[in-house]
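# Observations on chain architecture
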Amino acid sequence: MPDIIALRPEPSWQDSLTDLITDPDELFQLLQLKTSELPYSTAALQDFPLRVPRPYAARMQTGDPRDPLLLQVLPDLHEMLAYPGYSKDPVGERHSNPLPGLLHKYQGRALLVLTGNCAIHCRYCFRRHFPYADNRPARHEWQQSLDYLAGDRDIHEVILSGGDPLAIPDRHLAWMLEQLAALPQIRRIRIHTRLPIMIPARINTTLCALLQKPKARVSLVLHCNHARELDADVAAACARLQSAGVTLLNQSVLLKGINDNLAALRTLSEELFSLGVLPYYLHLLDKVQGSAHFDVSETTALALLAQLRACLPGYLVPRLAREIAGEPGKTVLA
Ligand SMILES: *Cc1c(COP(=O)(O)O)cnc(C)c1O
Ligand code: SF4
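Attention here is on the structure that accompanies the text.

Let us now look at the site of ligand 1. Near ligand 1 the following residues occur: Tyr106, Arg109, Leu111, Ile159, Arg190, Tyr280, Tyr281 and Lys330. One nitrogen or oxygen atom from the side chain of Arg109 is found 2.7 Å from an oxygen atom belonging to ligand 1. Lys330 is positioned such that a nitrogen or oxygen atom in its side chain is 3.3 Å from an oxygen atom of ligand 1. Alone, ligand 1 offers 380 Å² of accessible surface; in the complex the protein occludes 91% of this. Given that more than half its atoms are within 2 Å of the pocket grid, ligand 1 belongs to the largest pocket. Residues belonging to the shell around ligand 1 are distributed by class as follows: five nonpolar, no polar and three charged.

If you want it as structure tokens, here you go:
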């Protein structure tokens, strides 16, 4: 009799998005870490719960309390301290929110918040206090935003954002892309997402077929902060997106203790490019309440960028940018 090998089927992306690690004890056990080794606080969870996708957690190093992937999701006791200059709406988004789900802040580009849902909760997230509950329009309410887009002939690019816009079902995304296809002035569609990194299985055939369809050029901005976030599954997801004709870019946030050194930034650019992804922005932290422990000073950031420019070709050096509330665009510092 031949041996029967029980093959466990790969979980679907929907399963992975539901079956997240939300219990810190489970995460610490998985990583063989004791809470006494970590600057961990349960109090931080009340404000912003733990959410970690399993494929992402699998890339964390066991036994390392300073793991750069872990630090991005760790509810840290410093989140509970008040720091001057840190607020709940650091980029002033609430003032450029003309309709539920629509942000129109920059010339030529409008941003649609498709969902408040994310696969992961990044502790430094500038939207951690955003009133998503007021910004999740039902399908008929989207009509207002689509009318707004149709009425402004100067908007040539629509940015699908969130939360994570790829957290919504394919049929919703298909509907939105169809609506945008009806607006001939929209020449570019850009998707800002962490899902190809968090749950690479999200980039399935159905999605790739959807992204291949529009006449508008589709780009996708990954949000990868450290080269260790990239593995063979992420590489395969990037390859599928490229086969669908999607241009791949990356934005990172400069984070203390995670990527604030030359080696980390250099390796990140190089590894991204090996997957066909070009670095776009390196953001200075938005001063959102609870994120002060990640802050890197502008002086340090500028010095790092100069070092990076010295050792990499220009196309592998991201633009260092900062969001200043009230300014008409992102402020590019270098
Ligand atoms: C960042 C951002 C954009 C896009 O800016 P680019 O410089 O084109 O990448 C558009 N709208 C909002 C609200 C943004 O925060
Ligand atoms: S994926 Fe983006 S929007 Fe979601 S928590 Fe992380 S930084 Fe915030």
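So, on to the environment of Val288. In this structure, Val288 sits in the loop between β7 (278–283) and α11 (298–311). Taking the relative accessible area as the measure of exposure, Val288 reaches 0% and is therefore buried. For the pair Val288 and Ser87, spaced 201 residues apart in the sequence, the C-alpha separation amounts to 5.1 Å. Not counting chain neighbours up to four residues away, the residues in contact with Val288 comprise Tyr86, Ser87, Lys88, Pro90, Tyr124, Cys125, Phe126, Arg128 and His129.

With that settled, the discussion passes to helix α10 (residues 262–274). Under the 1.5 Å per step criterion, the end-to-end length of α10 is 18 Å for 13 residues, consistent within 8% with the ideal 18 Å. What α10 keeps buried is the set Ala264, Leu265, Leu268, Ser269 and Leu272. One face of α10 carries all of its buried residues, which in axial projection span an arc of 130°. For α10, the secondary structure elements touched by its buried residues are β6 (247–253), β7 and α11.

Moving on: empty space enclosed by the protein. What the rule picks out here adds up to one cavity of 30 Å³ or more. In this structure, the largest cavity occupies an estimated 80 Å³ of space. Elements represented by at least two residues in the lining of the largest cavity include exactly β6, α10 and β7. Classifying every residue of the lining of the largest cavity gives nine nonpolar, three polar and no charged.

Turning our eyes to something else, we now look at the environment of Asp295. Here Asp295 shows up in the loop between β7 and α11. Taking the C-alpha atoms as reference points, Asp295 and Ala239, separated by 56 residues in sequence, lie 33 Å from one another. Among all residues touching Asp295, those that are not within four sequence positions of it are Tyr86, Lys256, Leu285 and Lys287.

Further remarks concern the site of ligand 2. Neighbouring ligand 2 are Cys118, Ile120, Cys122, Cys125, Gly163, Arg194 and His223. Put simply, ligand 2 lies in the largest pocket.

Turning next to the pairing of strand β4 (residues 188–192). For β4, the buried fraction is high: four of the five residues fall into the buried class. Pairing analysis gives four bridges linking strand β3 (residues 157–162) to β4, with the strands arranged parallel. Note that in β4 the partner of Leu160 across the bridge is Ile191. In this region the chain leaves β3, passes through helix α6 (residues 170–181) and returns to the parallel neighbour β4; the handedness of that crossover is right-handed. Direction of pairing for β4 relative to strand β5 (residues 217–223): parallel, over a ladder of five bridges. Directly across from His192, in β5, lies its bridge partner Val221.

What counts and what doesn't
Residues numbered from 1 in each chain as written. Chains lettered and ligands numbered in written order. Predicted model: local features only at pLDDT ≥ 70, side-chain atom pairs only at ≥ 80, totals over all residues. Heavy atoms only, no water. Near = heavy atom within 4 Å. Polar contact = N/O pair within 3.5 Å; in protein donor to acceptor, adjacent residues only side chain to side chain. Areas by Shrake-Rupley, 256 points an atom, 1.4 Å probe, with all protein chains shown as cover. 1 Å grid on protein atoms, 1.4 Å probe; cavity = no way out; pocket = protein on both sides within 12 Å on 5 of 7 lines; lining within 4 Å. Sits in = over half its atoms within 2 Å of the grid points. Nonpolar A, V, L, I, M, F, W, Y, C, P; charged D, E, K, R; others polar. Helix = DSSP H or I, 4+ residues; strand = E, 2+ residues; numbered from the N terminus. Buried < 20%, exposed > 50% of the residue type's maximum accessible area, 1.4 Å probe, protein only. Contact = heavy atoms within 4.5 Å. Expected span 1.5 Å × (residues − 1). Arc of directions from axis to C-beta. Points joined across faces, edges and corners; volume = space filled by probe spheres on them. Pairing = 2+ DSSP bridges. Right-handed = clockwise from strand over helix to strand, strands pointing away.

Distances and angles like these do not, on their own, reveal function.
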